[in-house]
Structures are given as C-alpha cells and as structure tokens.
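This is what each chain is made of:
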Protein chains: 2
Amino acid sequence: MTKSNPTLIVIEDDPSIRGFLRTSLTAQHFQVFEAKTGKQGIIEASVRKPDLVILDLGLPDMEGVEVIKAIRSWSALPIIILSARSHEQQKIEALDAGADDYLSKPFSFGELLARIRVGLRHALRSGEALATEVFQTGPLKVDLHHRIVYVNDAEVHLTPIQYRLLCVMIKHAGKVLTQQHILKEVWGPSYQENAHYLRIYMSQLRQKLEHDPSQPKFLLTESGVGYRLKV
Amino acid sequence: MTKSNPTLIVIEDDPSIRGFLRTSLTAQHFQVFEAKTGKQGIIEASVRKPDLVILDLGLPDMEGVEVIKAIRSWSALPIIILSARSHEQQKIEALDAGADDYLSKPFSFGELLARIRVGLRHALRSGEALATEVFQTGPLKVDLHHRIVYVNDAEVHLTPIQYRLLCVMIKHAGKVLTQQHILKEVWGPSYQENAHYLRIYMSQLRQKLEHDPSQPKFLLTESGVGYRLKV
DNA sequence: CAGAATTTTAACGAAATTTTTACAGCGTTT
DNA sequence: AAACGCTGTAAAAATTTCGTTAAAATTCTG
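## Things to note about the overall build of chain A
Piece 1. Assigned secondary structure in chain A consists of 8 helices and 12 strands.
Piece 2. What you see for chain A is a C-alpha radius of gyration of 27 Å, clearly larger than the 17 Å of a compact globule of 231 residues, by over 25%.
Piece 3. Residues counted as buried form 48% of the 231 residues belonging to chain A.
Piece 4. Intrachain contacts of chain A at a sequence separation of at least 6 include 53% that bridge at least 24 residues.
Piece 5. Total accessible area on chain A stands at roughly 11700 Å², and carbon and sulfur atoms take up 53% of it.
Piece 6. Averaging the positions of the 28 positive and the 26 negative side-chain charges in chain A gives two centres separated by 8 Å.

Have a look at this one:
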C-alpha cells in the first residue's frame, strides 16, 4: 500500500524467467516475492498482502485458472497473466476467471511495467475510499475528506471562510501563524490590510468550537503576532 | 445504467472496422454508440454516459493519447485501445496516459469481448455502480439494481436526471460534493457553468424524497460549497 | 404526427454569507 | 488618568448564493 515500494508476487516455475523478473522488477524498486508453484503462490498472495500478482499459467502443480479463482475468492487484487500459450480460448478463460490482464511470451518488459502501473492505478482508485483524513484534538474533530466538523461528536456547521480558516490553522497546527500569513492563505494576497476580518472570524470560530469562547483552549492568540492552534 | 445493457462507445475512423464492431457488439447485447473522430468521441463519451470506451489510436484529427487524456480529465471510465501500430513505446504511452488495456490489430473478437468484461468488472467494483445493491437511510430506500426509489416503502418516480443526481449523491454519501463535481458527473464536463440546474433538480428531488422539503434531512446544502447526502 | 414527459430557460423572493460599521475591554505608555 | 495600540464582540448593511415557480423548448413515445 505504500506509494514508494509496491509489493509484487511472481508465480512462475521457470527459473530463468523468474530470475529475470526478480532482478528487473527489483531494479524498478518493487518489493518482489516469488513462488514456484500454484499452491505456494496462493499462500504467498494471502500472507504477503501484495499490491499485484504476476502469474504464469504454465505451472506444474495446478491449472492457472484455478489459481486465479482461489485468489479471487477472497481478494480483488490485480492479477496479470504471463503465458507461453497464446490461444484465444486460454486468454478468455483466464480473463473471465478474474485475471485483469494477459501477456503472451515473449513479452516486452517495458510493456509489462506499463501494465503493472495500470493494475496498481486500479487498486489505488478502488482502495482510496478507505483513506479518510481526520484531524483531532480534544473535543474537536475535523473530517477533512468529508468536510465535516464535530465538537463532542456533534456536527457543527461552518461557513466557507470559517472552514478555510480552520483548515489553515490545522495545516500549520502547533505553529504560530502571523496575521499576514493567515490573511494571505484564507482571503488572498490582496487582503493583507484587513486584519480585523481575522478577529471577527476567529471570534466566530471560537463561539462555535470552544467550550468557553472567552477562555480559548485551542485557538490561541499570540498578542502582537498572530494565532496558533494548540494540539 | 441498467445491468443488462452496458453502453459502449466506439471511436474508430475506418468504416469497415466500425461496421464490424457495431454489428458484432450489438449482437452481444451492448448498446453501441459511434464516433468517427477524436473530437466527436470525446463529446459522445461525455454525453452518452457510457460504461466503457473502445478507442482506435489512428484517428485523423488528433493524437490518440490526447483523446485519452481528455476523457481522463473528468472520468475514470474504462478505455480499451485498438491499434494497428504495435510498437512498444506507443503502447506504454497510451497505458500511462490512462488507458486500461491495449489490443493490437488484427485482434480476436473473443479476446476483445473478454477484455471488455474485465473493464466492466473494474468499473462495477470501483465506481459507477456501487458496492451495495440497495441504499437506505431513514425512510429513503434506493434499489440501485432495479432502479427503483422508495420513500416509506412507497415507490417514487424519478426522471433520468433526477435519478442520476441521486446516484451521484449516494455514491459519495456523507461527503460534501462541490457543485462543479456534481455537474461534471451528472451533466458532463461542459456543463460546469450551469449551477442553477443543480438547484432546480435538487429542489425537485427534495420535493419528492423529503418529508418537509423546506427542512431537508438528507439532501443538505453547504452554502457556497455544494451539497451532501447525510447518512 | 400528436400528446406526454422531460429538460432547459427565465425570473424573483428568501436565505445565508461576507463585509462594513461601531463600540467595549485591557494592558501599556505618556 | 487620558491616550494609544491591540484585541474581541455585536449588529447593521451589502452582496452573494439558494430555492421555487412557471413557461418555453426539446425529447420521448405510441
């Protein structure tokens, strides 16, 4: 799942091709695990939590289609087929069993890489729904992905500028921000004169977010300088 | 949008291949629309709301890669490339531009069908159609498979746009969607100016779905930002 | 082709938000 | 103590955004 080093599993019985894929893919900064048989491959796929599987259909111990079905029974991770056999029926069976792509040997390594990128792209897109950014400190919770603010688990409505202001404070949480800086980020560079806007909206935010707006616990004033969000 | 008849768009300038694809794919119960040029293809892709695009790279009016990028700028729908040119570099460029698959001519029709099924499977899993077959919150129930909407178990009729709007809201339920985003998904990328459409149709939806349309409980507006479906 | 359903266009009052204006508190300086 | 700079709050006016209605144009359907 890490962006920098996707994990691949290569299920291939031919030692020379396996070696070639290992060295070439590792050179491309993939984390590569290997399996020589279908059974071993299924186990690896379940244990290693890979981002993508490369599967040779010509395995000695079981039919390639069975390997695909086994993996598909519990996961939707991308599977790319490599095969010496390039009969149409073979391809169709593999794709319908759940494979995402099919390359016939001899294949070009550049094309394989491109198709791996396609597979990873798909996985990224279908998994990103789970990645929810949430900022939390004390009773304040901000769901940045859904754009919803909670105080003590009760929803609080913020106007666009109020929300933008809060986001800027969260972005630089813990640091003291000058009024100039905040004005520029929230209202734009031409509003740097209007420092009183900031006081008005900061007051509004405190009314909505702080337990006692006159004794703020998060949105603190640094007199003469600006504001800071305590974490 | 119905499960039985997926919609395809074929972007191909060669009349004989276009004709062949039309008759063959229609025989497979696909709804087929055609375009002879890249420009026309981009328009069709935005207007027809297809489930998948089949694109010939050798178009007369513009580079195939540009067509891919144009569609990718607003949609993630599956794109399968057909091409007479089968140079490795060409394939890699197309795949990295956002294409999901690449077939070199001459191609086998059975394989094309299998790869179309792969593309539709992906789309089904990660977007257009939702994970759940039935969405429910409070008195609102939407049977996405049969395209039927209920309020307090009474069937409610929605026009095509009303239904599509509701589906987009359901797809991103709980999240605040910008007007831009909704307009792009429901009307297409060229409608981003027409924010008033959204107000009209949102009003219509509320009239039909909410108990008290003036005090909505599900279809909430985030003034200055957009809308969100509360779950 | 006619009638119905739907989408698009146009218009206007209502609501929400931003901006303006005004004033009070508080510590420091003169 | 009055004056000053800086800050916080409240309420108004101005502006933007939103909701609703109705009629015109278009598309669908039999």
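## Focus on the sheet that holds strand β12 (residues 226-229) of chain B
Residue and element names in this part refer to chain B.
Piece 1. Pairing is antiparallel across the open sheet formed by 3 strands, whose spatial order is β10-β12-β11. The outermost strands of the open sheet, each flanked by one partner alone, are β10 (176-178) and β11 (219-222). Between one strand axis and the next, the sheet turns through 30° on average, direction left out of account.
Piece 2. Inspection of the sheet shows β10 paired to β12 by 3 bridges, in the antiparallel sense. Directly across from V176, in β12, lies its bridge partner R228.
Piece 3. Along the sheet, helix α6 (residues 160-171) contacts β10, β11 and β12; its crossing angle with β12, the most-contacted strand, is approximately 70°.
Piece 4. Contacting β11 and β12, helix α8 (residues 195-209) crosses the sheet at an angle of about 150° to β11.

## Some thoughts on the protein's contact with DNA strand C
Piece 1. Neighbouring residues of DNA strand C: 20 residues in total, closest T159 and Y197 of chain A together with H157, T159 and Y197 of chain B.
Piece 2. Close to the protein, within 4 Å, the atoms of DNA strand C belong to sugar or phosphate groups at a rate of 80%.
Piece 3. T159 of chain A is positioned such that a nitrogen or oxygen atom in its side chain is 2.7 Å from a phosphate oxygen of DNA strand C.
Piece 4. Between Y201 of chain A and DNA strand C, the recorded distance is 3.5 Å, taken from a side-chain N or O atom to a sugar or linking oxygen.
Piece 5. Looking at the surface near DNA strand C, the elements with two or more residues in it are α6 (160-171) and α8 (195-209) of chain A together with α6 and α8 of chain B.

## Details of unusual backbone geometry
Residues and elements named next belong to chain A.
Piece 1. The step from K105 to P106 runs through a cis peptide bond, and the omega angle for that step is -5°.
Piece 2. Relative to the elements of secondary structure, P106 occurs in the loop between β5 (101-104) and α5 (109-127).
Piece 3. Even without being a glycine, N152 presents a positive backbone phi close to 55°.
Piece 4. Looking at where N152 falls in the secondary structure, it is placed in the loop between β8 (148-151) and β9 (154-156).

## What to know about the protein's contact with DNA strand D
Piece 1. Residues in contact with DNA strand D amount to 20 residues; listed here are only the nearest, T221 and Y227 of chain A together with Q179, R206 and Y227 of chain B.
Piece 2. Among atoms of DNA strand D positioned within 4 Å of the protein, sugar and phosphate together represent 70%.
Piece 3. Measuring from a phosphate oxygen of DNA strand D, one finds a side-chain N or O atom of Q179 of chain A at 3.2 Å.
Piece 4. Secondary-structure elements contributing two or more residues to the surface near DNA strand D are α8 of chain A together with α8 of chain B.
Piece 5. Among the residues making up the surface near DNA strand D, the classes are represented as 4 nonpolar, 12 polar and 4 charged.

The rules we used
- Residues numbered from 1 in each chain as written.
- Chains lettered and ligands numbered in written order.
- Predicted model: local features only at pLDDT ≥ 70, side-chain atom pairs only at ≥ 80, totals over all residues.
- Heavy atoms only, no water.
- Helix = DSSP H or I, 4+ residues; strand = E, 2+ residues; numbered from the N terminus.
- Rg over C-alpha atoms; globule rule 2.2 N^0.38 Å.
- Buried < 20%, exposed > 50% of the residue type's maximum accessible area, 1.4 Å probe, protein only.
- Contact = heavy atoms within 4.5 Å.
- Areas by Shrake-Rupley, 256 points an atom, 1.4 Å probe, with all protein chains shown as cover.
- Lys, Arg positive; Asp, Glu negative; His and termini not counted.
- Charge placed at Lys NZ, Arg CZ, Asp CG, Glu CD.
- Pairing = 2+ DSSP bridges.
- Axes fitted to C-alpha atoms, helices over the stretch in contact; angles between N-to-C directions.
- Near = heavy atom within 4 Å.
- Polar contact = N/O pair within 3.5 Å; in protein donor to acceptor, adjacent residues only side chain to side chain.
- Nonpolar A, V, L, I, M, F, W, Y, C, P; charged D, E, K, R; others polar.

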